[in-house]
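Per-entry structural report
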Amino acid sequence: VRRLNDLKMSVPGSSQFAEYLRGAVTASTTFVQAKNGEDFELNDYASKTLMIEPTLRTKDELDEQKEKRDEAFAKTGQQPTLENYDRHFNQERLTPDQTVAEFTQCVERSVPIVSRALGLEDIPLDYPINIVSLDDAGWTFHMTYRKEGPNVDLNVSNRLRWAKGRPEELSYHEIAGHLLAYSNWKRNVDSGLINPGYGVIQIPNPISWADEGIACDLPFLIPELYDSLTPTGKFMAEAYLLNRMVMNNLHVMANNGTPTEDIKTFAKLYIPFETDARLERQIDSRSTNPFSRTYQLTYADATFYFAKEAKELGQKKSLDLLKAYYHKPLTPPQVKSLIQELKEN
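Fair warning: this is a prediction, and the values are worked out from it, not measured in the lab.

This part is about the packing of aromatic side chains. One pass over the structure, following the stated rule, counts 22 aromatic pairs. Where Phe73 meets Phe235, the ring centres are 4.6 Å apart and the plane angle is 40°; that geometry is what we call tilted. Remark: Phe235 occurs in helix H10 (residues 231–255) and Phe73 occurs in helix H4 (residues 59–74); sequence separation between them is 162 residues. Given a relative accessible area of 0%, Phe235 falls into the buried group. Between Phe103 and Phe141, the aromatic rings sit 6.0 Å apart at their centres with planes inclined by 35°, giving tilted as the arrangement. In this pair, Phe103 is assigned in helix H6 (residues 96–118) and Phe141 in strand S2 (residues 141–146), connecting sequence segments 38 residues apart. By relative accessible area, Phe141 is classed as buried at 9%. Ring pairing ties together the aromatic residues Phe73, Tyr85, Phe89, Phe235 and Phe273, which thus form one cluster. When the ring centre of Tyr305 is taken as reference, the NZ or CZ atom of Lys336 above it lies at 5.5 Å.

On to helix H8 (residues 208–221), then. The axis of H8 is deflected most strongly, by about 45°, at Ala215, and proline Pro219 appears within four residues downstream. For H8, the tally of buried residues reaches 13 of 14 residues, placing the bulk of the element in the interior.

If you trace the 3 strands from one edge of the open sheet to the other, you get S1-S3-S2, paired in mixed fashion. Two strands in the sheet have a free side with no partner beyond their single neighbour: strand S1 (129–132) and S2. In this sheet, neighbouring strand axes are inclined to one another by 15° on average, regardless of whether the strands run parallel or antiparallel. Pairing analysis gives 6 bridges linking S2 to strand S3 (residues 149–155), with the strands arranged antiparallel. The partner of His142 across the bridge, within S3, is Asp153. Each of S2 and S3 is contacted by helix H7 (residues 166–190), which is oriented at about 5° to S2, the strand it contacts most.

Here the focus is the pattern of salt bridges. A complete count under the given rule lists 24 salt bridges for this structure. One salt bridge connects Glu64 with Lys68, and the closest N-O pair in it is separated by 3.8 Å. One end of the pair, Glu64, and the other, Lys68, are both in helix H4, 4 residues apart, so they sit about a helical turn from each other. Looking at Glu64, the relative accessible area reads 43%, which means it is partly exposed.

Scoring rules and cut-offs
Numbers given for residues are sequential positions, taken from 1 along each chain in its written order. Where totals are concerned, whole chains, interfaces and linings use all residues; where local detail is concerned, this predicted model gives features only for residues with pLDDT of at least 70, and gives and counts side-chain atom pairs only at 80 or more. For side-chain calculations, the full set of non-hydrogen atoms in the structure is used, while hydrogens and water are omitted. Pairing of aromatic rings covers Phe, Tyr and Trp, the last counted by its six-membered ring, and requires centre-to-centre distances within 6.5 Å; plane angles under 30 degrees mean stacked, over 60 mean edge-to-face, and any other angle means tilted. Secondary structure follows DSSP: runs of H or I at least 4 residues long count as helices, runs of E at least 2 residues long count as strands, and numbering of each begins at the N terminus. Classification of residues uses two cut-offs on accessible area relative to the type maximum, computed with a 1.4 Å probe and protein chains only: under 20% is buried, over 50% is exposed, and between them is partly exposed. Two conditions define a charge sitting above a ring: the NZ of Lys or the CZ of Arg must be within 6 Å of the ring centre, and it must be within 35 degrees of the ring normal. What we call the bend at a residue is the angle made by axes fitted to the seven residues finishing there and the seven residues starting there. DSSP calls a pair of strands paired once it identifies at least 2 bridges connecting them. The axes are straight lines fitted to the C-alpha atoms, using for helices just the contacting stretch, and the angles between their N-to-C directions are given from 0 to 180°. Any two residues whose heavy atoms approach within 4.5 Å are treated as being in contact. Each salt bridge in this description consists of a side-chain nitrogen of Lys or Arg and a carboxyl oxygen of Asp or Glu lying within 4 Å of one another.

Here it is as structure tokens:
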């Protein structure tokens, strides 16, 4: 921590990279301190690790998104009832072969749309995809990106909730979102267009907020991508946006002392198909685990933010935002400053 603080004090200037590097070092020192038992209030912890201040979503915002999710579900041919939602998410699971097939097909459809929209058709996305089945892992998709390139694991364990449409949502998020952005950042580092320090990214990190928020919201930022989704894919995009809005409030409530039963009652107003066990795991990890307490906020806070801004910016300016982000990593203040500039011009 002392060495990192010395490094932070030695960073010169007020460039975007200097601002980023100071924020990245602050995130690492704060995370180390939290891992070592230091207690941080949520707002202080989020500010130091992600450069954000968590904000509760309002009832009107939640109700509006719930209506959109229910409408999208009805367009798949199913009435938005508790029984049908429970069947979709908890009972009818894709087989491993179905999961891989849906993921692969959706990558082939979504990546060209995003690449073309951003002028990145010449970025090669050559990556080995390892199909694994790890019952004890909580993740569905894991990627490492080293100098030699990316390595991807897709976890098709039957213990995970592989509902229909989930591989479709995952495909644009992970490949058209994360992998395409990282590949262009690497190219820009290698060609000297951006500081090589951008090529060393630890987690938690202030850039994770835009990283996850944009990957989640690509269909809302690129209408052509949304239109290309299947009816189930469109439903899952709307459902995951609502889920992350609910988890945002659950996260804040779990950290401000709200009783567990009250949090579960709130969550089930919007996602009644979630089991008590799943909600209790979320409440526990988001309030006690130093990593989840910060990183889970990147999805919870940023997904609503970028979906909202996409509506206000419109298609052209949303693409301008994406092109800036896919050029180099951006911190939350840098994103918000850029969006303000786009709105004014």
